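Remarks on the overall topology
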Amino acid sequence: MNGKRPAEPGPGLTGKKRKKEVMAEFSDAVTEEILKRQVADAWSRRTPFRHEAIIMDMDPFLHCVIPNFIQSQNFLEGLQKELLNLDFHEKYNDLYKFQQSDDLKKRREPHICALRKILFEDFRAWLSDISKIDLESTIDMSCAKYEFSDALLCHDDELEGRRIAFILYLVPSWDRSLGGTLDLYNVDEHFQPKQIVKSLIPSWNTLVFFEVSPVSFHQVSEVLSEEKSRLSISGWFHGPSVTRPPTYFEPLIPRSPHIPQDPEKFAEVCEALEKGDVKWSSRGPPNKRFYEKAEESTLPDILKDCMALFRSEAVFLLLSNFTGLKLHFLAPSEEDEIEGTKEGEAAPASESTEEGTSYGSSEPETNPAAVGDNSQQSDEHTDPEPEESEAQKESSVPTCQGELRHWQTGHYTLIHDNSKTEFALDLLLYCGCEGWEPEYGGFTSYIAKGEDEELLTVNPENNSLALVYRDRETLKFVKHINHRSLEQKKTFPNRTGFWDFSFVYYE
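Residues numbered from 1 in each chain as written. Predicted model: local features only at pLDDT ≥ 70, side-chain atom pairs only at ≥ 80, totals over all residues. Heavy atoms only, no water.

1. Considering the overall build of the protein chain
On a plain count of helices and strands, the protein chain comes out with 12 helices and 23 strands. Relative to its full complement of 507 residues, the protein chain shows a buried share of 49%. With the model as given, the accessible surface of the protein chain reaches about 25500 Å², and the carbon-plus-sulfur share is 50%. (Helix = DSSP H or I, 4+ residues; strand = E, 2+ residues; numbered from the N terminus. Buried < 20%, exposed > 50% of the residue type's maximum accessible area, 1.4 Å probe, protein only. Areas by Shrake-Rupley, 256 points an atom, 1.4 Å probe, with all protein chains shown as cover.)

2. Here's the deal with the sheet that holds strand S20 (residues 454-458)
The three strands are arranged S20-S19-S22 in an open sheet whose pairing can be described as antiparallel. The strands lining the two open edges of the sheet, one partner per strand, are S20 and strand S22 (474-478). Each strand axis lies, on average, 20 degrees off the axis of its neighbour in the sheet, ignoring direction. As paired elements, strand S19 (residues 444-448) and S20 share four bridges and run antiparallel to each other. Note that in S20 the partner of Ser 445 across the bridge is Thr 457. (Pairing = 2+ DSSP bridges. Axes fitted to C-alpha atoms, helices over the stretch in contact; angles between N-to-C directions.)

3. Notes on a nonpolar patch on the surface
Together, Leu 318, Phe 322, Leu 465 and Leu 467 give the surface a local cluster of nonpolar side chains, amounting to about 370 Å² of exposed area. Elements represented by at least two residues in the nonpolar patch include exactly helix H7 (313-323) and strand S21 (465-470). Along the chain, Leu 465 turns up in strand S21. Overall, the relative accessible area of 44% leaves Leu 465 in the partly exposed class. (Patch = residues over 30% accessible without salt bridge, like charges linked within 9 Å, V, L, I, M, F, W, Y side chains within 5 Å. Salt bridge = Lys/Arg side-chain N within 4 Å of Asp/Glu carboxyl O.)

4. Structural notes on the pattern of salt bridges
In total, this model carries 19 salt bridges according to the counting rule given. With a shortest N-O distance of 2.6 Å, Glu 109 and Arg 107 are connected by a salt bridge. Glu 434 is the partner of Arg 495 in a salt bridge, and the nearest nitrogen-oxygen pair spans 2.4 Å. Note that Arg 495 is positioned in the loop between helix H12 (488-491) and strand S23 (498-506) and Glu 434 in the loop between strand S18 (424-431) and S19, a separation of 61 residues in sequence. Residue classification places Arg 495 among the buried residues on the basis of a relative accessible area of 7%. On the accessibility criterion, Glu 434 (30% relative accessible area) is partly exposed.

5. What about the confidence of the model for the protein chain?
With 81% of its residues at a pLDDT of at least 70, the protein chain reaches an overall mean of 83. Looking at the elements of the protein chain, mean pLDDT is at its lowest for helix H9 (residues 349-352), recorded as 33, and at its highest for strand S12 (residues 218-220), recorded as 98. Residue range residues 1-18 is modelled with pLDDT below 50. Its contacts to residues more than four positions away, or to other chains, number zero contacts. Residue range residues 341-394 is modelled with pLDDT below 50. Its contacts to residues more than four positions away, or to other chains, number 132 contacts. (pLDDT = per-residue confidence, 0-100. Contact = heavy atoms within 4.5 Å.)

6. A look at helix H6 (residues 301-310)
The buried count for H6 comes to seven of 10 residues, which makes it a mostly enclosed element. Those residues of H6 not exposed but buried are Ile 302, Leu 303, Cys 306, Met 307, Ala 308, Leu 309 and Phe 310. As for H6, its buried residues are in contact with helix H5 (266-275), H7, strand S16 (399-407), S18, S21 and S23.

7. A word on the nonpolar core
In this structure, Leu 83, Leu 115, Phe 123, Trp 126 and Phe 209 are the most contacted members of the largest nonpolar core, which totals 48 residues. Examining the composition of this core, we find that 10 residues originate from one element, helix H4 (residues 110-131), more than from any other. Once you skip the residues sitting within four places of it in the chain, Leu 115 turns out to touch Ile 70, Phe 75, Leu 79, Met 141, Leu 168 and Ile 233. Counting residues in each nonpolar core, the second largest holds 31 residues, with Ala 272, Val 278, Phe 316 and Phe 503 among its members. (Core = buried A, V, L, I, M, F, W, Y, C linked by side-chain atoms within 4.5 Å.)

8. Side note on the packing of aromatic side chains
Within a pair of aromatic rings, the relevant descriptors are the distance that separates the centres and the angle that separates the planes. Following the criterion strictly, the structure yields 24 aromatic pairs and no others. Considering the side-chain rings of Phe 26 and Phe 123, the 5.6 Å spacing of their centres and the 85 degrees angle between planes classify their relative orientation as edge-to-face. One end of the pair, Phe 26, is in the segment before helix H1 (28-31); the other, Phe 123, is in helix H4, and 97 residues separate them in sequence. You'll find Phe 26 and Phe 123 in the same group, each marked buried. Ring pairs connect the aromatic residues Phe 26, Trp 43, Phe 69, Phe 120, Phe 123, Trp 126, Phe 166, Phe 209 and Phe 237, which therefore count as one cluster. A cation over a ring is seen here: Lys 145 above Phe 88, with NZ or CZ 4.4 Å from the ring centre. One residue, Lys 479, lies across the ring of Tyr 92, its end atom 4.2 Å from the ring centre. (Phe/Tyr/Trp six-rings, centres within 6.5 Å; stacked < 30°, edge-to-face > 60°. Lys NZ or Arg CZ within 6 Å of the ring centre and 35° of its normal.)

9. Let's talk about the environment of Phe 492
Locating Phe 492 in the fold gives a position in the loop between H12 and S23. By relative accessible area, Phe 492 is classed as partly exposed at 25%. With 58 residues separating them along the chain, Phe 492 and Glu 434 place their C-alpha atoms 9.0 Å apart.

10. Digging into the pairing of S18
Among the eight residues in S18, eight count as buried, and that is most of the element. Of the two faces of S18, both are covered, the one formed by Ala 424, Asp 426, Leu 428 and Tyr 430 as well as the one formed by Leu 425, Leu 427, Leu 429 and Cys 431. Here six bridges tie S18 to S21, and the two strands are oriented antiparallel to one another. If you follow Ala 424 over to S21, its bridge partner there is Arg 470. Here S18 pairs with S23 via seven bridges, running antiparallel. For Asp 426, the partnering residue across the bridge sits in S23 and is Val 504.

Laid out in structure tokens, this is it:
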């Protein structure tokens, strides 16, 4: 003991040490009354507006940029430190790959608390005034960290109650070459995204917000820096739901009957693909898919023959024998096998008149071990409407649809809500993917509806044929191909990506 008495607590003090309350303020310029009226007027008239404190643009949809959003640099540095000390969890599926913190709604760190207060109290009130939207006090915010090869692909942010999305960037010095831009898409007459028309580069202490709508399609482009992290806080202001246009269903892709044809050598097929004489067209829209499809009418003969092979009677029969599916009139169905078994058994006379006379082609019982799906048929092929499915079942005519695809950096397919589901057999034949690594992406992933865990992954492997039977409860997507895939050029300087023949067969 040192013999000193502890100091008596002074007025207003307690024995416990209190945390110093942290205050945050956003830009005074934005709240200035004249500027506020100008911004509100531009919002209501849907006209662009530019000022050093705020930029509002309507192309391709309403969005605003506020530089120097928070006044204090000390506050921002404290906020960044608190955020980087949070636990981050990897988010990974067909649409995105990045790291996300827990919900910031109840975090008690002083700078996070102060930012939450300013966003969902002071700034929300300002935003309600200029937008004339009665924004609710619902707190919806989290922190995201994007590192090398991370991305968030094309989507519109629409969920019940979301009215305005926001992102506050806390990034180091950043430029376009580092990736991680907020890319905005325009739309076609069906409100489907077409192409990127504007890219916003992240900048320290810049707030971007935009109106969530049926046309607010955007993405976070792949981060290309191996040294820098793209740190941001994002979320949504909620309000009364608005009427949305009817869901758009893509036109059906025709299915082809089988056509007799002889196969060609795999080496000749690869050589034709390598020559670069094939005409490719981009397949979209980007909220569902982005890859290149060969124009069949312009294919060299060797590739036309290969496409015809997969539509041929021989392949339909071969697949029937491999799988037990009724893909050819000569293939026995399970009912046929059951009837054949019964012929050798004793049966009452009244029943024997039906023995061996049934040639029904109803669907075979689903093999529990088979991987099934179809919801992501529209990933790569559009499923028919239910009426068409019923007609096909009645006719019992096996059909297929297929395409020759080129996959390279930036390509992907996504799972989406309005695809139709059927039982189907997927066939994939890969070309030109020597040395392709799973970390590049480009693999086909099968998952169960409502689940994140993968049931099956089909990795591109040269001269490898994959067959996967899907049921109505399985979804599929092709994982985004990231910039790691450019490593392929070290071994094959003249090659970009790989190719596949993708066919889907229906009983």
